[in-house]
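Analysis of the macromolecular model
Read off the chains here:
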Amino acid sequence: MGKYDKLLFKILNGRSDNNIAFTELAQLLQRLQFELRIRGDHHIFTRHDVNEILNLQPKGAMAKPYQVKQVRELIIRYQLGDITND
């Protein structure tokens, strides 16, 4: 199981929302083929086949728990979890 598979499992598990590094979350989204724009501390993620826009901001070095939950819900809704075939 690779680094991103472990992170994806950790996010989907939902028990560690307070313990996800922001940079790792951003890298995971980019591996899931999201495009990134940065405006100040706002990291805006879009993907052509996903209607929602993710607007994430770090809290220190960590991701905000409610934003990890938003990412989890998006991954589940659009079934984006298969990153092993990228």
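Our subject in this report is the structure included herewith. (Residues numbered from 1 in each chain as written. Predicted model: local features only at pLDDT ≥ 70, side-chain atom pairs only at ≥ 80, totals over all residues. Heavy atoms only, no water.)

1. Description of the packing of aromatic side chains
- Summed over all chains, the structure comprises zero aromatic pairs.
- If you follow Arg 47 out to its NZ or CZ, it ends over the ring of Phe 34, 6.0 Å from the centre. (Phe/Tyr/Trp six-rings, centres within 6.5 Å; stacked < 30°, edge-to-face > 60°. Lys NZ or Arg CZ within 6 Å of the ring centre and 35° of its normal.)

2. Focus: the nonpolar core
- If you look at the biggest cluster of nonpolar residues, it comprises 22 residues, and the most contacted ones within it are Leu 25, Phe 34, Leu 54 and Leu 56.
- Residue contributions to this core peak at five residues, all from helix 2 (residues 22-31).
- The contacts of Leu 25, once residues within four sequence positions are left out, are Leu 7, Ile 11, Ile 20, Leu 56, Ala 63, Val 68 and Val 71. (Core = buried A, V, L, I, M, F, W, Y, C linked by side-chain atoms within 4.5 Å. Buried < 20%, exposed > 50% of the residue type's maximum accessible area, 1.4 Å probe, protein only. Helix = DSSP H or I, 4+ residues; strand = E, 2+ residues; numbered from the N terminus. Contact = heavy atoms within 4.5 Å.)

3. Things to note about the pattern of salt bridges
- With the rule as written, the count across this model stands at three salt bridges.
- A salt bridge links Asp 17 to Arg 72; the shortest N-O distance between them is 2.9 Å. Of this pair, Asp 17 sits in the loop between helix 1 (3-13) and helix 2 while Arg 72 sits in helix 3 (residues 65-78); the two residues are 55 residues apart in sequence, bridging distant segments of the chain. Arg 72 matches Asp 17 in its accessibility class, with the two residues each being buried.
- The shortest N-O distance in the salt bridge between Arg 77 and Glu 52 comes to 2.7 Å. (Salt bridge = Lys/Arg side-chain N within 4 Å of Asp/Glu carboxyl O.)

4. Remarks on helix 1
- Among the residues of helix 1, those classed as buried are Tyr 4, Leu 7, Leu 8 and Ile 11. An end-on view of helix 1 places all buried positions within 100 degrees of arc, on one side of the element. Away from its buried face by more than 90 degrees, helix 1 exposes Lys 6 and Phe 9.
- On its buried face, helix 1 is in contact with helix 2 and helix 3.
- Phi for Gly 14, located one or two positions after helix 1, is positive at around 80 degrees. (Arc of directions from axis to C-beta.)

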